[in-house]
Amino acid sequence: MPYRVDPIDADKTVMIVVDMQNDFVAEGAKLRSAQAAAMVPKLAATLKFCRENGIRVVYTAHAHRRDGCDMGLYDDLYPPIADRSTLVDGTPGVEIYPALAPAAGEHVIKKHRYSGFFGTDLDMILREWGARTVVVSGTTTENCCHATARDALFHNYSVIFLSDATGTFDYPDVGQGAMSAEEVHKATLVVLAFSTADVMTVDDFKARVTNSKRSSAATKAA
């Protein structure tokens, strides 16, 4: 049987929006994910739903200091990061894409590795909020979203992974064959559904959310 989070208690659930930054989403960005850009309207509507139903929203943003002191091995992995043209802290590229801008009071957690939990205070914030479940959305499916979902599991959170509010990019052949974004995305969803998360669509997520406000309204209506 696949892992299942049901019901989804809005009061104990937090939406994590992973790295939906200009450097990953905006037209012409060197690390742009076309899949992520295409799902922006759906994710924006999902965030509106979360806010209306009492689900907290928190963002991550991948950023590095210009002097490279927090870079690690990314200098060897990604030329646009190595040449300091992408993901530089303090530049417009690391800001959240405008259509998904945080609402007043929502936090953006800056991170230096794939996982939103590594070297950040995300877990501290989630625990302060009393979160038991996290919902993962954003980009890229197989790197930062996958790593954040795995780390959430390691921190004993139930994990929901949105199949149509995450996205990635085409992979070139670097010795193991090329893969399209669709293939990378699907493979990651299969792995996560087996070992890490309740993988579902946005519509499924919305249908399975329960909260005290909705329950109170239903009781009064009855």
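Residues numbered from 1 in each chain as written. Predicted model: local features only at pLDDT ≥ 70, side-chain atom pairs only at ≥ 80, totals over all residues. Heavy atoms only, no water.

*Asks:* How should I be thinking about the pairing of strand β5 (residues 133–139) in this particular structure?
*Replies:* The two faces of the sheet receive side chains in turn, since in a regular strand these alternate between them. Across the 7 residues of β5, 7 count as buried, placing the element largely inside the fold. Across 6 bridges, strand β2 (residues 13–18) lies against β5 in parallel orientation. What sits directly across from Ile16, in β5, is Val136. The pairing of β5 with strand β6 (residues 158–167) spans 6 bridges and is parallel. Within the sheet, the bridge partner assigned to Val134 lies in β6 and is Val159. Taken together, β5, helix α7 (residues 141–154) and β6 constitute a β-α-β crossover, and its handedness is right-handed. (Buried < 20%, exposed > 50% of the residue type's maximum accessible area, 1.4 Å probe, protein only. Helix = DSSP H or I, 4+ residues; strand = E, 2+ residues; numbered from the N terminus. Pairing = 2+ DSSP bridges. Right-handed = clockwise from strand over helix to strand, strands pointing away.)

*Asks:* Would you explain the nonpolar core in this entry?
*Replies:* Nonpolar side chains tend to gather and get buried jointly when the protein is soluble and globular. Grouped together as the largest cluster of nonpolar side chains are 34 residues, with contacts concentrated most on Met15, Val17, Met20, Leu43, Leu47, Leu162 and Phe205. Listing elements by their share of this core, those giving two or more residues are β2, α1 (22–25), α2 (34–38), α3 (40–52), β3 (56–62), β6 and α9 (202–208). Among the elements that line this core, the one with the most residues is α3, at 5 residues. Residues within four places of Val17 in sequence aside, it is in contact with Leu43, Leu47, Val57, Val58, Tyr59, Thr60 and Ser137. (Core = buried A, V, L, I, M, F, W, Y, C linked by side-chain atoms within 4.5 Å. Contact = heavy atoms within 4.5 Å.)

*Asks:* Sorry, what's going on with helix α8 (residues 181–195) here?
*Replies:* An α-helical turn contains 3.6 residues, so any two residues separated by three or four positions project in the same direction. For α8, which comprises 15 residues, the first-to-last C-alpha distance of 21 Å matches the rise-based estimate of 21 Å (1.5 Å per residue) to within 8%. Of the positions making up α8, those classed as buried are Ala181, Val184, His185, Thr188, Leu189 and Leu192. Across the axial projection of α8, the buried residues extend over an arc of 130°, all falling on one side. Exposed and oriented more than 90 degrees from the buried face of α8 are Glu182, Lys186, Val190 and Phe194. If you follow the buried residues of α8, they end up packed against α2, α7, β6 and β7 (198–200). (Expected span 1.5 Å × (residues − 1). Arc of directions from axis to C-beta.)

*Asks:* When you look at α7 in this model, what are you seeing that I'm missing?
*Replies:* Between its first and last C-alpha atoms α7 spans 18 Å; for 14 residues at 1.5 Å apiece the expected length is 20 Å, and the two agree. For α7, the tally of buried residues reaches 11 of 14 residues, placing the bulk of the element in the interior. As for α7, its buried residues are in contact with β2, β3, β4 (108–111), β5, β6 and α8. One or two positions beyond α7, positive phi appears at Asn156, with a value near 70°.

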